[in-house]
2 protein chains.
Amino acid sequence: MDPRIEEHAEVLVDWSARVEEGDDVVLSVGPDAHELAVAVAEKVGERGANLVTTYASSELGRAYALAHEDDFDENPEYELALYENADVVLSIGGGRNTSEGSDIPAETRRAQSKARQGIREARMDTDWVSTVHPTRSLAQQANMSFEEYREFAYDAILRDWEELADQMANMKEILDAGSEVRLVKEDTDLTMSIENRTAVNSAASVAYDSHNLPSGEVFTAPHATEGEVFFDVPMTIRGERVQDVHLTFEDGEVVDYSAAQNESVVGEILDTDEGARRLGELGIGMNRGIDQFTDSILFDEKMGDTVHLAVGRAYDSNYPEGYEDEANESAVHVDMITDVSEDSFMEVDGEVVQRNGTFRWEDGFDG
Amino acid sequence: MDPRIEEHAEVLVDWSARVEEGDDVVLSVGPDAHELAVAVAEKVGERGANLVTTYASSELGRAYALAHEDDFDENPEYELALYENADVVLSIGGGRNTSEGSDIPAETRRAQSKARQGIREARMDTDWVSTVHPTRSLAQQANMSFEEYREFAYDAILRDWEELADQMANMKEILDAGSEVRLVKEDTDLTMSIENRTAVNSAASVAYDSHNLPSGEVFTAPHATEGEVFFDVPMTIRGERVQDVHLTFEDGEVVDYSAAQNESVVGEILDTDEGARRLGELGIGMNRGIDQFTDSILFDEKMGDTVHLAVGRAYDSNYPEGYEDEANESAVHVDMITDVSEDSFMEVDGEVVQRNGTFRWEDGFDG
């Protein structure tokens, strides 16, 4: 077995999910994620934890969803009981076709998603972690050869996470102490309040309230957003390629938008509900193991020298107890990314924190 | 998709498991059984049932078992809750190496099996059905090309089950009315009591108390066995090839045994416990879609023109309520098969029921 697969399993089980003796672990395996699943099963066994393995095939899920009429039973008890009694859920993505779900009607998808809300919540109440096993289909989506993609994925996943967590702690400290963030670059001058918010040091571990592997971002939930922002990283939203999105905010809300490609997709998202016009997330990508965009949000938004903003739903983890503010609510959470490696700076309370991709505490910082 | 796969799925879901709207279905999928699993998911969706899919990989199971120390937690609650709340469990075997579990120490296997007894029982309390998707590894075990093996497997699985159930009902009727069975062929003259027993018409459907697809046998639980029997069909028991077993019974117990190959394996089995020296099953193979031995008990024992006997554990389904006899108990249940297509006959209460493979109610029967 490729030693990187064993390392990946070890990071997932020990660093990310902190699996311990007696834990009830659900392992969800994509059809092409078999090898990583075997390595993970071994680690789970070594830790003396219990194991139930589920099969996450989008082809199977599509066949089921298309054949079923739209009145799905709500939160079937047997599945709910599995997750309500589980301590840890490890999901290893890795299928054979990232477009497999493309012809499931939106109505079916919504009906199924609604009927399964309780199950989703029960999963989220565990120490869950999602990762991907590098597959040929993900390589294709990234426009890379399989070997090149594997190098890319393991560079992102097999970090010194403890060291990166320490680096990110600097950023969290600054954000937690600060009141206002300002981001300046080409066609961008945006200010956001971060008053009464807690930043999350997303270090790919449940110990840091972080549930993705790889991770490597510090994020918070901004509000009272003012100004304009330009997202120069192309992305796929709802199956469409969207480029060069530009948003203008007043009083915390998007009042104007444009895009060079598929502008209507941006409009649809913003029109979803009231919360979709407000920001739900400001994230600072700090994983320098990720050095190119691969059209996968799990990787793209963590890339070093990038900043992303999401319109829509905010995470509860950014709202400290004792304050009255409630997390921005919306049916959507859509991330958009901007490159800050050149000709850019970010300030917190008027002091420059990052310029041209280099942070204040790093060598070569030019405040 | 091969239309036989869709037919297989339909037989499994409708004939075998009788899946209905609202049923909570667990589908267990082997690593190479993906295609059948997709077809089954579609049928389960069409019926309006719920679906949880588990991944049954012997490679993963081996990695977990070898890494775990032998003190397995007893019946972990989350897994127990899944099966206790399920209505149907469909298992689709189909891995990549039928020998994958061969280096798991017997002690580990026993410890794990013992710790999981409650989960096994909960699964058996559902309408469970086991089948296999024809894979390259099963073809290899059968010493066949993949294409040849697929033909073989679908001939066995895609029967007119209703018609076969009617044929088998004749045999069940004779056994239920009878008191004694006598089997005569080369080196074989065996009598068994079937007094106070109910025969099972194993027609590959939970509606017939039958949980394997393919099936096609009528079986009962004989006792007071006397005489000798010769098993001329080679088989693999505990990983060893065993040939030409000959058993001698007195007062229901094996008093002498021999085998042309691996006689010691037979001895080990008979020495397991007290029940291992008594018969647990007499089965009459009636699936003429199975016309050759493939070293897989799921298929071999159902083959038309064969009879099999098992030493060890009997099935409760052969013991009618209201009688005091309890099912023969043992840690083992080992089937051995004899060919009755030529130079043989079987009598019930002195009347010939089958001669040279032809039953009394069939054309060409020569009583």
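These numbers come from a predicted model, not from an experiment.

Scoring rules and cut-offs
Here, residues in each chain are numbered from 1, in the same order as that chain's written sequence. All chains are assigned letters beginning at A, and all ligands numbers beginning at 1, according to the order in which they are written. Totals for whole chains, interfaces and linings use all residues, but because this is a predicted model, local features are given only for residues with pLDDT of at least 70 and pairs of side-chain atoms are given and counted only at 80 or more. Only hydrogens and water are set aside when side-chain values are computed; all heavy atoms of the structure are taken into account. Runs of E in the DSSP output that reach at least two residues are strands. Runs of H or I that reach at least four are helices, and both are numbered from the N terminus. Values of the radius of gyration come from C-alpha atoms, whereas the globule rule sets the reference at 2.2 Å times the count of residues to the power 0.38. Burial classes: relative accessible area under 20% of the type maximum marks a residue as buried, over 50% as exposed, and values in between as partly exposed (1.4 Å probe, protein chains only). Every accessible area reported is derived by Shrake-Rupley at a probe size of 1.4 Å, with residue values counting cover from the shown protein chains alone. The copies were overlaid with a least-squares fit restricted to C-alpha atoms from residues scoring a pLDDT of at least 70 in each copy. In what follows, a contact means two residues having at least one pair of non-hydrogen atoms within 4.5 Å. Stacked, edge-to-face and tilted labels apply to pairs of Phe, Tyr and Trp rings (six-membered ring for Trp) whose centres lie within 6.5 Å, assigned for plane angles under 30 degrees, over 60, and everything in between, in that order. Counted as over-ring charges are cases with an Arg CZ or a Lys NZ within 6 Å of the ring centre that also lie within 35 degrees of the ring normal. Patches draw on residues past 30% relative accessible area with no salt bridge. Two like charges within 9 Å are joined, as are two nonpolar side chains (Val, Leu, Ile, Met, Phe, Trp, Tyr) within 5 Å. Any Lys or Arg side-chain nitrogen found within 4 Å of a carboxyl oxygen on Asp or Glu counts as a salt bridge. Under the counting rule used here, the positive set is Lys and Arg, the negative set is Asp and Glu, and His together with the chain ends is not counted. Here the site of a charge means NZ on Lys, CZ on Arg, CG on Asp, or CD on Glu. In plain words, nonpolar cores are sets of buried Ala, Val, Leu, Ile, Met, Phe, Trp, Tyr and Cys residues tied together by side-chain atoms within 4.5 Å. Criterion used throughout: strands pair if DSSP finds at least two bridges between them. Axis angles are defined between N-to-C directions and span 0 to 180 degrees, where every axis is a line fitted to C-alpha atoms and, for a helix, only to the segment in contact. Reported buried area values correspond to the accessible surface (1.4 Å probe) lost by two parts on association, with both partners' losses combined. Polar contact criterion, stated in full: a pair of N or O atoms within 3.5 Å, where within protein one must be able to donate a hydrogen and the other to accept it, and residues adjacent in sequence count only if both atoms are side-chain atoms. Residues were grouped as follows: Ala, Val, Leu, Ile, Met, Phe, Trp, Tyr, Cys and Pro as nonpolar; Asp, Glu, Lys and Arg as charged; and all remaining residues, including Gly, as polar. Residue ranges assigned to the domains are those given by an automatic or database domain assignment. Small angles under 35 degrees read as roughly parallel and large ones over 145 as roughly antiparallel, with 65 to 115 read as roughly perpendicular and the rest as oblique. Rotating anticlockwise by less than a right angle from the far helix to the near helix defines a left-handed crossing, while the corresponding clockwise rotation defines a right-handed one. Multiplying one less than the number of residues by 1.5 Å gives the expected span of a helix.

S.K.: Explain the overall build of chain A to me, and be specific about the residues and the numbers.
M.R.: From N to C terminus, chain A includes 11 helices and 19 strands. For 367 residues, the compact-globule formula gives about 21 Å, and the C-alpha radius of gyration of chain A, at 20 Å, lands near that figure. Buried residues in chain A amount to 55% of all 367 residues. Carbon and sulfur atoms form 38% of the exposed surface of chain A, whose accessible area is close to 15400 Å².

S.K.: How would you explain the relation of the copies chain A and chain B if you had to name every residue and give the values?
M.R.: After a rotation of 180° and a shift along the axis of 0.0 Å, chain A superposes on chain B with an RMSD of 0.1 Å. Look at the turn and shift together and you get a two-fold axis relating the two. When C-alpha positions in chain A are compared against the rotation axis, the closest is assigned to T54(A), at 1.9 Å. By residue overlap, the copies meet face to face through one surface: 98% of the interface positions of chain A are interface positions in chain B.

S.K.: So what about the packing of aromatic side chains? Which residues, and what values?
M.R.: Tallying each qualifying case throughout the model produces 13 aromatic pairs over all chains. Seen in terms of ring centroids, Y55(A) and Y55(B) are 5.4 Å apart; in terms of plane orientation they differ by 5°. Their pairing is stacked. Of this pair, Y55(A) sits in strand β2 (residues 50-55) while Y55(B) sits in strand β2 (residues 50-55), placing the two residues on different chains. The pair formed by Y55(A) and Y55(B) is uniform in burial state, with each residue classed as buried. Measuring from centroid to centroid gives 5.3 Å for F152(A) and F299(A), while their planes differ by 40°, and the two rings are tilted. Of this pair, F152(A) sits in helix α8 (residues 146-157) while F299(A) sits in helix α11 (residues 297-300); the two residues are 147 residues apart in sequence, bridging distant segments of the chain. Take F152(A) and F299(A): they sit in the same class, and that class is buried. The structure contains a cluster of three or more aromatic residues connected by ring pairs, namely Y149(A), F152(A) and F299(A). Sitting above the plane of the W15(A) ring, R18(A) keeps its charged end 4.6 Å from the centroid.

S.K.: Can you break down a negative patch on the surface residue by residue, with the values?
M.R.: A cluster of acidic side chains, namely E21(A), E69(B), D70(B), D71(B), D73(B), E74(B) and E107(B), defines a negative patch on the protein surface. Here D73(B) lies in the loop between α3 (58-67) and α4 (77-84).

S.K.: Quick one: what's the story with the nonpolar core, residue by residue and with numbers?
M.R.: Core analysis: the largest hydrophobic core is formed by 188 residues, its most contacted members being V40(A), L90(A), L247(A), V40(B), L90(B) and L247(B). Grouped together as the second largest cluster of nonpolar side chains are 22 residues, L82(A), V52(B), L82(B) and A122(B) included.

S.K.: Would you mind going over the sheet that holds strand β16 (residues 333-339) of chain A in detail, with residue names and values included?
M.R.: Residues and elements named next belong to chain A. Strand order across the open sheet formed by 5 strands is β7-β8-β14-β15-β16, with antiparallel pairing between neighbours. Only two strands of the sheet have a single neighbouring strand rather than two, namely β7 (200-202) and β16. Averaged over neighbouring strand pairs, the angle between their axes works out to 20° when direction is ignored. Here strand β15 (residues 306-312) runs beside β16; their pairing, made up of 7 bridges, is antiparallel. Note that in β16 the partner of L309 across the bridge is M336.

S.K.: How would you explain the interface of chain A and chain B if you had to name every residue and give the values?
M.R.: On the chain B side, the residues contacting the 40 residues of chain A number 39 residues. For the pair chain A and chain B, the summed buried area comes to about 3500 Å², and 63% of that belongs to carbon and sulfur atoms. Joining chain A to chain B, the criterion identifies 18 residue pairs in polar contact (both at pLDDT 80 or more). Mapped onto the side of chain A that touches chain B, the elements with two or more residues apiece are β1 (24-29), α2 (34-46), β2, α3 (58-67) and α4 (77-84) of chain A. Among the elements that take part in the side of chain A that touches chain B, α2(A) stands out by supplying 8 residues, more than any other. Its residues assigned to classes, the side of chain A that touches chain B shows 22 nonpolar, 10 polar and 8 charged.

S.K.: Which residues make up the pattern of salt bridges, and what values go with them?
M.R.: As a working rule, side chains carrying opposite charge can pair if their charged atoms are close by. Applying the stated criterion across every chain yields a total of 50 salt bridges over all chains. As a salt-bridge pair, R278(B) and E253(B) come within 3.5 Å of each other at their nearest N and O atoms. With a gap of 25 residues between them, R278(B) in the loop between α10 (263-270) and β14 (279-285) and E253(B) in strand β13 (residues 253-258) connect regions that are remote in the sequence. Judged by relative accessible area, which is 29%, R278(B) ranks as partly exposed. The partly exposed category is assigned to E253(B), whose relative accessible area is 28%. R360(B) serves as the salt-bridge partner of E351(B), at 3.8 Å between the closest nitrogen and oxygen. Through salt bridges with shared partners, one network takes in D2(A), R4(A), E147(A), R150(A) and E151(A).

S.K.: Report on the domain arrangement of chain A, specifying residues and quantitative values.
M.R.: Residues and elements named next belong to chain A. The domain architecture assigned to chain A consists of domain 1 (3-157) and domain 2 (161-359). Spacing between the C-alpha centres of domain 1 and domain 2 amounts to 25 Å. Contacts between the two partners involve 22 residues from domain 1 and, on the opposite side, 23 residues from domain 2. When the two sides are added together, the surface that domain 1 and domain 2 hide from each other amounts to roughly 1800 Å², 63% of it contributed by carbon and sulfur. Considering only the side of domain 1, the residues that lose the most area to domain 2 are W15, F152 and A156, jointly responsible for 35% of the buried surface there. Our count for the contact surface shared by domain 1 and domain 2 stands at 0 salt bridges. Along the contact surface separating domain 1 from domain 2 lie 13 residue pairs in polar contact (both at pLDDT 80 or more). Mapped by element, the contributors of at least two residues to the side of domain 1 that touches domain 2 are α1 (3-16), β4 (127-132) and α8.

S.K.: Break down unusual backbone geometry for me, with residues and values.
M.R.: Residues and elements named next belong to chain A. In this chain, L213 is followed by P214 through a cis amide linkage whose omega measures 5°. Turning to its location among the elements, P214 is positioned in the loop between β7 and β8 (217-220). In this structure, D209 takes a positive phi of about 60° despite not being glycine. Inspection of the secondary structure puts D209 in the loop between β7 and β8.

S.K.: Report on the packing of α4(B) against helix α6 (residues 117-124) of chain B, specifying residues and quantitative values.
M.R.: Residues and elements named next belong to chain B. Packing of α4 against α6 brings their axes to within 8 Å, and their N-to-C directions diverge by 15°. The angle between the axes of α4 and α6 places the two elements in the roughly parallel class. For the pair α4 and α6, the crossing hand works out as left-handed. In contact with E79, L80, Y83 and E84 of α4, α6 contributes G118, I119, A122 and R123.

S.K.: How would you explain the side chain of H8(B) if you had to name every residue and give the values?
M.R.: Here H8(B) lies in helix α1 (residues 3-16). For H8(B), a relative accessible area of 0% gives the class buried.

S.K.: Now, about α1(A): what can you tell me, with residues and values included?
M.R.: Every α-helix carries 3.6 residues per turn, so stepping three or four residues along brings you back to the same face. All names here are of chain A. With 14 residues, α1 should cover 20 Å at 1.5 Å per step; its first-to-last C-alpha distance of 18 Å lies within 8% of that length. Restricting attention to buried positions, one finds in α1 the residues R4, I5, H8, A9, V11, L12, V13, W15 and S16. Buried residues belonging to α1 abut α2, β3 (88-93), β4, α8 and α9 (161-177). Looking one or two places after α1, you find R18, whose phi comes out positive at around 55°.

S.K.: If you had to explain the environment of S102(A) to someone new, which residues and values would you point to?
M.R.: Residues and elements named next belong to chain A. Tracing the chain through its elements places S102 in the loop between β3 and α5 (106-115). In this structure the C-alpha to C-alpha distance between S102 and R238, which are 136 residues apart in sequence, comes to 9.2 Å. From its side chain, S102 meets the backbone oxygen of S99 in a polar contact 2.9 Å long.

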